[in-house]
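Notes for the structure review
Residue strings, one per chain:
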Amino acid sequence: MQLFITGWAKKAFFEVQEYVKLCVALARAATSRPFYYRDVVEQLDAVGVGSLTVVLLTGGFTGAVLALQSGMTLDQFGARSVVGRLISASMIKELGPVLTALMVTGRVGSGIAAELGSMAVTDQLNALRALGTDPVRKLALPRVIAGVVMVPILTVISDFVGIVGAWITTVTQLRVASSVYWNSVVMGLYIQDIWMGLIKPVFLGFALVSIACFVGMRTTGGTQGVGRSTTQAVVAGSVAVLVLDFIITKLLISLLY
Amino acid sequence: MGTPTPLESRLSRVKTPGEPIIVFERVFLAFGDNVILKDISFELRAGFTKIFLGASGAGKSTILKLILGLLKPQTGKIWVNGVRVDTLSESDMMKVRDDVGMVFQEGALFDSLSVRENVGYKLYEESDMDLNDVHRRVEEVLGWVELEEHIDKMPSQLSGGQRRRVAIARAMTFQPRILLYDEPTTGLDPITSITIDDEIVKLRDIEGVSSLVVTHQLRDAFWVAERMAVRGPDGKVQIVPASPEKLAQTEFVMLRDGLIAFEGTASELRANNDPYLQLFLS
């Protein structure tokens, strides 16, 4: 048993060490030449525009169901009119960033791991290196930049759509006046909430894409290995998003509030 | 600075034909408890060909990866083009790779790029060459491997043999002086294999490329060793039986249990009475 735990701990430590090495390589690649602009633009489109539909649907329905559930709870206190306050705070500070990151992990993280994994098992990554291209610069960095830029943008869109979804539910189902809802939304927000809602997705975007790149580029074991990497990227990315969300929230609360 | 050793002085003349262009000196490599290469030493001379034979898992492909710096040995020294590569960083290794082309097993073509983009990859992405010149060079090398009409296809639209020929074209686009072939004919039918073998012979004899071929296909190995390419009176390249001088420029290396079990010419390999070699040749 002790041997198993020691072996597991060693393996985990090695994985973390390799991930840190990738992060250092990414930092070095971001601050030196060559820089593959065309790949960055392609990835901004793949990560951002490609994820728009799933983010719109998730945001809209989350806002709508949140309004329904909050309405029921607030009714117990006769406070149905302040539902907007709850929606805006929840969506912007927490649900928007986390749900967007989770959706992007499912859609983009799995895609990145599968694509880079296939390249790894068919020697395409080695072929890139043999042709004088650093795979971290050419493949990982553009994807990470796209994650860091597009996840916050998608989060803002998700927040907006969520609040609109909640508005429709509030007006049609809870019978709260539109003006009361929007007034409550604005009243419930502080500038610190906006900052939290914008800072968090930057870190979540970096984490989920860099983990997918890390897992994908280390794929071995043929097509079975690609499948395994895809699953690992989604599981590790999702857990990382939730853990990082807690850590950043704690940090930002102590810094901003 | 001390007096250069005989090897060092030969390495300094690396651009001279017949001088060592790749040198392995007592190379050892293991992955955990799995020892791949125990004590490997050999030289590839400029303009010559070395053919590595051996059973699956004997470490043949590993040698190619060591030359390209994709793997690093635990002990021993490796020189490529006069540069010691076993201690080089990844960024310094890029300069060494400018003069080494590699044809990977199954081709390793980039799925998302067309034949044109695959073949011209290094020139498009890693050089400042004028785009028209790159297009011209891509068309020229695709003409060399007789695949001009497939220039705008995607790799998935090509047959196995065509993919290998595109991989050869990609490796030669930037005119390297060393070409490494990793199982270039594995999985191909005999007729297609011979077209690949002919490309290897043509590159060696017409372009003067030093080659290192890893294979376990004996028929192809002997074809490469015992044929040569010459230009006919009409200027066309012909494949003919090799002259005695050319035969001596191709050496076989047999790997067994992480060691070199045999090193010599095709005729020496055939004449060898070692039971393992005989079993391999039978």
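Here the structure is a predicted model, which means the values were calculated and not measured. (Residues numbered from 1 in each chain as written. Chains lettered and ligands numbered in written order. Predicted model: local features only at pLDDT ≥ 70, side-chain atom pairs only at ≥ 80, totals over all residues. Heavy atoms only, no water.)

**Focus: the domain arrangement of chain B**
Residue and element names in this part refer to chain B.
- Domain boundaries assigned for chain B yield domain 1 (6-99 + 176-281) and domain 2 (100-175).
- Taking only C-alpha atoms into account, the centre of domain 1 sits 22 Å from that of domain 2.
- Tallying the contact residues gives 29 residues for domain 1 and 19 residues for domain 2.
- Roughly 2,100 Å² is buried in total at the junction of domain 1 and domain 2, and carbon and sulfur atoms are behind 64% of that figure.
- Broken down residue by residue, the surface that domain 1 buries against domain 2 is led by Pro-176, Asp-182 and Glu-199, which jointly contribute 24%.
- Inspection of the region where domain 1 meets domain 2 yields 1 salt bridge. (Domains from an automatic or database assignment. Contact = heavy atoms within 4.5 Å. Buried area = accessible area lost by both parts, 1.4 Å probe. Salt bridge = Lys/Arg side-chain N within 4 Å of Asp/Glu carboxyl O.)

**Let's talk about the sheet that holds strand β11 (residues 250-256) of chain B**
All names here are of chain B.
- Strands sit in the order β6-β7-β8-β3-β11-β12 across an open sheet of 6 strands; the sheet is mixed. The strands lining the two open edges of the sheet, one partner per strand, are β6 (100-103) and β12 (259-264). Averaged over all pairs of adjacent strands, the angle between strand axes in this sheet comes to 15°, irrespective of strand direction.
- Here strand β3 (residues 49-54) pairs with β11 via 6 bridges, running parallel. Bridge pairing links Ile-51 to Phe-252 in β11.
- Here helix α8 (residues 190-205) sits on the sheet and contacts β3, β7 (178-182), β8 (210-214) and β11; the angle it forms with β7, its principal contact strand, is near 165°. (Pairing = 2+ DSSP bridges. Helix = DSSP H or I, 4+ residues; strand = E, 2+ residues; numbered from the N terminus. Axes fitted to C-alpha atoms, helices over the stretch in contact; angles between N-to-C directions.)

**Some details on the pairing of strand β9 (residues 227-231) of chain B**
Residue and element names in this part refer to chain B.
- Relative to strand β10 (residues 237-241), β9 runs antiparallel, the two sharing 5 bridges. Counted as the bridge partner of Val-230 is Gln-238 from β10.
- Hairpin remark: β9 followed by β10, antiparallel, with 5 residues in the connecting loop; positive phi at Gly-235, about 90°.

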